[in-house]
Amino acid sequence: MVKQISLDAWQTQHLEALLKKGASIVTKTGTPIILYRQTLEEEEDSYEEIVCSLTDKHVVEQVVISGGGIPPTFRQQMIYDLDEFPQRLIRKSKDLFLQTIELLEEQMN
C-alpha cells in the first residue's frame with residue numbers, strides 16, 4: 001500500500017530537516033541564523049518587530065521595540081524546539097513559512 005502525505009506535511013518535514021541542518025551550522029560557527037524579521041508597528045523613529053532566529057537547539061522568536069530615543073527592549077520571547085516550530089509557523093503564516101524554507105535552502109547551498 002502506498003502512503004500518501006499532504007503537501008503541507010511534506011513541507012513541514014522539509015523545514016524541520018532544514019532547521020536541523022542549519023542548527024548544525026550554527027553549532028560550528030557560533031552565529032545564529034536570522035530566519036525572518038517582521039515589522040509589526042512603526043512610528044516616527046521607533047518600531048516594533050519580530051526577530052526570529054535559529055540557534056544550535058531552538059528557534060527563538062523575539063518581539064523587539066527599538067529606535068529613536070528608546071533603548072532596545074525585548075517585550076516578548078518565545079522558544080520552540082526544532083521539531084515543533086514548523087507546525088507553529090505554517091499555522092501562523094504560509095508566506096513566512098515558505099520564505100523561511102527558501103532562506104534556509106539558499107544558506108545550505
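Residues numbered from 1 in each chain as written. Predicted model: local features only at pLDDT ≥ 70, side-chain atom pairs only at ≥ 80, totals over all residues. Heavy atoms only, no water.

Caption draft 1: Main features of the pattern of salt bridges. Scanning all chains against the criterion turns up five salt bridges. One salt bridge in this structure joins E49 and R37, with 2.7 Å as the shortest N-O distance. Residue E49 is located in strand β2 (residues 46-54), and its partner R37 is located in strand β1 (residues 33-43); the two are separated by 12 residues in the primary sequence. Overall, the relative accessible area of 6% leaves E49 in the buried class. Residue R37 is classed as exposed on the basis of its relative accessible area of 53%. When the shortest N-O distance is used, the salt bridge between K92 and E61 registers 3.2 Å. Highlighted residues: K92 in helix α2 (residues 85-92) and E61 in strand β3 (residues 58-67), separated in sequence by 31 residues. For E61, a relative accessible area of 1% corresponds to the buried category. (Salt bridge = Lys/Arg side-chain N within 4 Å of Asp/Glu carboxyl O. Helix = DSSP H or I, 4+ residues; strand = E, 2+ residues; numbered from the N terminus. Buried < 20%, exposed > 50% of the residue type's maximum accessible area, 1.4 Å probe, protein only.)

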